[in-house]
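Given next are the chains, with one letter for each unit.
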Amino acid sequence: MTPDDLHAQLDALQAAAGDDDSRKPGLITIRSDEWIERLYAESVKPKTIADGIRIRDIKVAISADAMTAVLTREEAGDRGEPYREPQARA
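Numbering of residues begins from 1 in every chain and follows the order in which that chain's sequence is written. Since the coordinates come from a predicted model, pLDDT governs what is reported: local features require at least 70, and pairs of side-chain atoms require 80 or more to be given and counted, while whole-chain, interface and lining totals use all residues. To get the side-chain values, all heavy atoms of the structure are used, and hydrogens and water are removed first.

Asks: So what's going on with helix α1 (residues 3-17)? Residues and values would help.
Replies: Counting from the N terminus, the helices are DSSP H or I runs at least four residues long and the strands are E runs at least two residues long. By this rule, a helix spans an expected 1.5 Å times one less than how many residues it contains. Spanning 15 residues, α1 covers 21 Å between terminal C-alpha atoms, matching the ideal 21 Å at 1.5 Å per step. The contact criterion used throughout is that any non-hydrogen atoms of two residues lie within 4.5 Å. Buried residues belonging to α1 abut β1 (25-31), α2 (32-39), β2 (54-55), β3 (58-63) and β4 (69-72). With its phi angle positive at about 55°, G18 sits one or two positions after the end of α1.

Written out as structure tokens, the structure is:
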């Protein structure tokens, strides 16, 4: 996944969700090799430990076993909390 692909997925989920908070972007899962090769530059340094790594204020979970994807809040459950509104692409 390229940064442009990621941002397109975030924008599409946000638009499709409308007023349904459970369908808004909730967690970005990234396979560790994709993080290193393509996506690390998209993140912002965490302000607190609770914030963790975030892209456009959506929490990022990085793992060697993860499939790179954008999950809704419903799919992410508590793994994406605390939820925030996605920010515009910088």
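Having seen the structure, we can now continue with the description.
Asks: Go over the environment of E74 with me, naming the residues and quoting the values.
Replies: Checked against the element boundaries, E74 lands in helix α3 (residues 73-76). Take E74: its relative accessible area is 62%, and that puts it in the exposed class. For the pair E74 and P25, spaced 49 residues apart in sequence, the C-alpha separation works out to 9.0 Å. Here's how the labels work: a residue is buried when its accessible area is under 20% of the maximum for its type, exposed when over 50%, partly exposed in between, all with a 1.4 Å probe on protein chains only.

Asks: I'd like to hear about the nonpolar core, residue by residue, with values.
Replies: Buried residues of nine kinds, namely Ala, Val, Leu, Ile, Met, Phe, Trp, Tyr and Cys, make up a nonpolar core once their side-chain atoms join them within 4.5 Å. Membership of the largest hydrophobic core is limited to 10 residues, which are L6, L10, I28, I30, W35, L39, I55, I58, V60 and V70. Contributions of two or more residues to this core are made by α1, β1, α2 and β3. Once you skip the residues sitting within four places of it in the chain, L6 turns out to touch M1, I28, L39, I55 and V70.

Asks: How would you sum up the environment of P46? Please name residues and give values.
Replies: Within the secondary structure, P46 is located in the loop between α2 and β2. Under the relative-accessibility criterion, P46 is labelled partly exposed at 45%. Sequence separation of P46 and K59 is 13 residues, and the distance between their C-alpha atoms is 10 Å. Apart from the residues lying within four places of it in its own chain, the contact partners of P46 are G52 and I53.

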